[in-house]
Amino acid sequence: PLVSLRQLLDHAAENGYGIPAFNVNNLEQVKAIMEAAAATDSPVILQASAGARKYAGEPFLRHLILGALEAFPNLPLCMHQDHGTSPAVCARAIQSGFSSVMMDGSLREDGKTPSDWDYNVETTAHVVKMAHACGVSVEGELGCLGSLETGMAGEEDGVGAEGVLDHSKLLTDPDEAAEFVKLTQVDALAIAIGTSHGAYKFTRPPTGDVLAISRVKEIHARIPNTHLVMHGSSSVPQEWLKIINDYGGALGETYGVPVEEIVEAIKHGVRKINIDTDLRMAVTGSLRKFFHDEPKKFDPRDYNKAAMAGMVGICKARYEAFGTAGQA
Ligand code: G3H
Ligand code: 13P
Ligand code: NA
Ligand code: ZN
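Definitions and cut-offs
- Residues numbered from 1 in each chain as written.
- Chains lettered and ligands numbered in written order.
- Predicted model: local features only at pLDDT ≥ 70, side-chain atom pairs only at ≥ 80, totals over all residues.
- UniProt positions renumbered as here; feature names shortened; annotations may be inferred.
- Helix = DSSP H or I, 4+ residues; strand = E, 2+ residues; numbered from the N terminus.
- Buried ≥ 20, exposed ≤ 12 C-beta atoms within 10 Å, placed from the backbone.
- Contact = placed C-beta atoms within 7 Å.
- Core = buried A, V, L, I, M, F, W, Y, C linked by C-beta atoms within 7 Å.
- Near = placed C-beta within 6 Å.
- Nonpolar A, V, L, I, M, F, W, Y, C, P; charged D, E, K, R; others polar.
- Pairing = 2+ DSSP bridges.
- Axes fitted to C-alpha atoms, helices over the stretch in contact; angles between N-to-C directions.
- Arc of directions from axis to C-beta.
- Right-handed = clockwise from strand over helix to strand, strands pointing away.

- Per an unreviewed UniProt entry, the protein carries the name Fructose-1,6-bisphosphate aldolase and comes from Magnetospirillum aberrantis SpK.
- For the protein, the Sequence similarities (unreviewed entry) comment in UniProt is given as "Belongs to the class II fructose-bisphosphate aldolase family."
- Listed under Catalytic activity (unreviewed entry) in UniProt, the entry text for the protein is "beta-D-fructose 1,6-bisphosphate = D-glyceraldehyde 3-phosphate + dihydroxyacetone phosphate".

1. Regarding the overall build of the protein
Right, so step 1: Secondary structure summary: the protein contains 12 helices and eight strands in total.
Right, so step 2: Taken over the C-alpha atoms alone, the protein extends approximately 60 × 45 × 35 Å along its principal axes.
Right, so step 3: Looking at the 328 residues of the protein, the share that counts as buried comes to 51%.
Right, so step 4: Counted over contacts in the protein with a minimum sequence separation of 6, partners at least 24 positions apart contribute 74%.

2. With respect to the nonpolar core
Right, so step 1: Membership of the largest hydrophobic core comes to 91 residues, with the highest contact counts inside it found for I33, L46, V101, L189, I191, M311 and C315.
Right, so step 2: If one sorts the elements of this core by residue count, helix α12 (residues 300–321) sits on top with seven residues.
Right, so step 3: Discounting residues that sit within four places of it in the chain, L189 has contacts with G140, L142, A177, V181, T226, L228 and V229.

3. Section: the UniProt feature "binding site: Zn(2+) 1" (unreviewed entry) in the protein
Right, so step 1: When the UniProt feature table is mapped onto this chain numbering, "binding site: Zn(2+) 1" (unreviewed entry) sits at H83, H197 and H231. Over a stretch of 149 residues, the named residues converge on one spot in the fold, their C-alpha atoms separated by at most 11.8 Å.
Right, so step 2: Along the chain, the position of H83 falls in strand β3 (residues 77–84).
Right, so step 3: Positionally, H231 belongs in the loop between β7 (227–230) and α9 (238–246).
Right, so step 4: In contact with H231, other than residues within four places in its own chain, are L145, A190, T195, H197 and N274.

4. So, unusual backbone geometry
Most peptide bonds take the trans form, and the phi angle of most residues other than glycine is negative.
Right, so step 1: One non-glycine residue, D41, adopts positive backbone phi at about 55 degrees.
Right, so step 2: Relative to the helices and strands, D41 resides in the loop between α2 (27–40) and β2 (44–48).
Right, so step 3: Note on D41: 14 C-beta atoms within 10 Å, which makes it partly exposed.
Right, so step 4: Positive phi is not limited to glycine here, since V236 has a value of about 50 degrees.
Right, so step 5: Along the chain, V236 turns up in the loop between β7 and α9.

5. What about the site of ligand 2?
Right, so step 1: Taken together, 13 residues form the shell around ligand 2, and within it H231, S234, N274, D276 and T277 come nearest.
Right, so step 2: Those elements giving two or more residues to the shell around ligand 2 turn out to be β3 and β8 (270–275).
Right, so step 3: Partitioned by chemical class, the residues of the shell around ligand 2 number one nonpolar, 10 polar and two charged.

6. A few points about the sheet that holds strand β1 (residues 19–23)
Right, so step 1: If you trace the eight strands once around the closed barrel, you get β1-β2-β3-β4-β5-β6-β7-β8, paired in parallel fashion. Sheet twist, expressed as the mean angle between neighbouring strand axes with direction ignored, is 25 degrees.
Right, so step 2: The sheet strands contacting helix α1 (residues 5–15) are β1, β2, β3, β4 (100–103), β5 (137–142), β6 (188–191), β7 and β8, and the helix crosses β8 at an angle near 120 degrees.

7. Comments concerning helix α7 (residues 174–184)
Right, so step 1: Of all the positions in α7, only A177, F180, V181 and T184 are classed as buried. Buried residues of α7, seen end-on, are gathered within an arc of 95 degrees and therefore sit on one face of the element. Looking at α7, the residues exposed on the side facing more than 90 degrees away from the buried face are D175 and K182.

8. Considering the pairing of β2
For a regular strand, side-chain orientation follows a simple rule: the groups alternate between the two sheet faces.
Right, so step 1: With five of five residues buried, β2 is to be regarded as a mostly interior element.
Right, so step 2: Side chains of β2 alternate between two faces, with V44, L46 and A48 and I45 and Q47 buried alike.
Right, so step 3: The sheet contact formed by β1 and β2 spans three bridges and is parallel. Paired with N23 across the two strands is Q47, which belongs to β2.

9. Remarks on the pairing of β7
Right, so step 1: Side chains of β7 alternate between two faces, with H227 and V229 and L228 and M230 buried alike.
Right, so step 2: Chirality of the crossover, the property in question, places the unit of β6, helix α8 (residues 213–222) and β7 among those that are right-handed.
Right, so step 3: When β7 meets β8, the two strands line up parallel, connected through three bridges. In the sheet register, L228 faces β8, and the bridge partner there is V270.

10. Section: the UniProt feature "binding site: dihydroxyacetone phosphate" (unreviewed entry) in the protein
Right, so step 1: As annotated by UniProt and renumbered to match this structure, "binding site: dihydroxyacetone phosphate" (unreviewed entry) occupies G198, G232, S233, S234, N274, I275, D276 and T277. Look at the named residues: they lie 80 residues apart in sequence, but the longest C-alpha span between them is just 11.3 Å, so in the fold they bunch up.
Right, so step 2: Looking at where I275 falls in the secondary structure, it is placed in strand β8.
Right, so step 3: The exposure class assigned to I275 is buried, which follows from the 26 C-beta atoms found within 10 Å.
Right, so step 4: Every residue in contact with I275, bar those within four places of it in the chain, is listed here: P20, A21, F22, S233, S234 and R318.
Right, so step 5: Structurally, D276 can be placed in the loop between β8 and α11 (277–293).
Right, so step 6: Under the C-beta neighbour-count criterion, D276 is labelled buried, with 25 such atoms within 10 Å.

Here you go:
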């Protein structure tokens with residue numbers, strides 16, 4: 001059944017686990033996530049960015065998710081708008097039937113320029129009023145995702161700040177987080193702790209100076225009843241990086257957020273963990289390998305099956321590691 005983000009995260013908090021929120025754009029991603037969730041008995045968060053809506057088109061995206069609900073009627077499923085850049089975007093998502101929206105007021109409406117406190121509080125509180133009137137949950141964001149190594153926002157275009165960021169925004173302040181939650185009444189809060197979107201997060205396996213799990217603990221101690229969200233939480237699996245490059249890819253050396261650091265964060269209030277890049281890597285690696293190994297095949301169902309198998313592996317591993325498995 002379709003459920004709100006709040007329902008899922010309240011249960012996760014009561015039972016001490018986290019839920020991966022996977023980005024979806026097409027049938028194969030939706031199917032892979034649902035199959036992994038069914039196999040592990042996990043509640044599901046499917047999230048769609050503005051880019052996903054542009055790629056698939058609103059009707060296809062909506063029906064893909066409705067398809068997931070119909071094909072897997074026993075799994076609780078939240079349909080979430082990722083990185084809404086304005087109240088209008090959130091309103092359209094609610095109209096489309098989403099059960100949760102992110103109002104990312106940490107950025108201006110262009111989705112690239114960091115905003116100020118007043119703008120973030122006003123737009124987020126406005127969306128909370130509108131969404132709650134419809135039974136829809138709201139995720140807000142305070143701070144800006146970006147690298148503590150370089151001060152730069154992520155490599156990915158489309159979502160997130162660009163260029164060099166104001167250093168004070170790279171780590172969410174616990175007192176400001178408490179004030180923000182009080183003023184906006186968000187159901188979940190995305191925080192900045194040194195992660196960034198895309199494959200290029202860290203130039204070496206991250207240590208506490210560049211991946212501030214300690215800041216998660218400080219924020220959770222200050223607002224223990226607020227569900228925390230970690231964006232940019234792909235682990236950038238080295239085995240997939242190797243497969244991609246062994247079969248003709250050209251990705252540079254890079255490291256993501258280790259699964260065990262996420263598991264630690266889950267002990268301190270993180271309930272929603274956003275993952276897009278890892279599934280992109282699994283698809284790309286699977287396809288590159290398939291085309292190399294099976295040069296005579298040309299039925300898209302054959303190679304898309306290989307791509308789905310790659311994604312299912314990642315999804316199951318995250319459901320198991322985050323304690324989501326068995327909670328549906
Ligand atoms: O938050 C960013 C997600 O990875 C979505 O990326 O805007 O390219 O769909 P996208
Ligand atoms: P990754 O790029 O680390 O997968 O992050 C995705 C994300 O935060 C979507 O909102
Ligand atoms: Na989100
Ligand atoms: Zn994000």
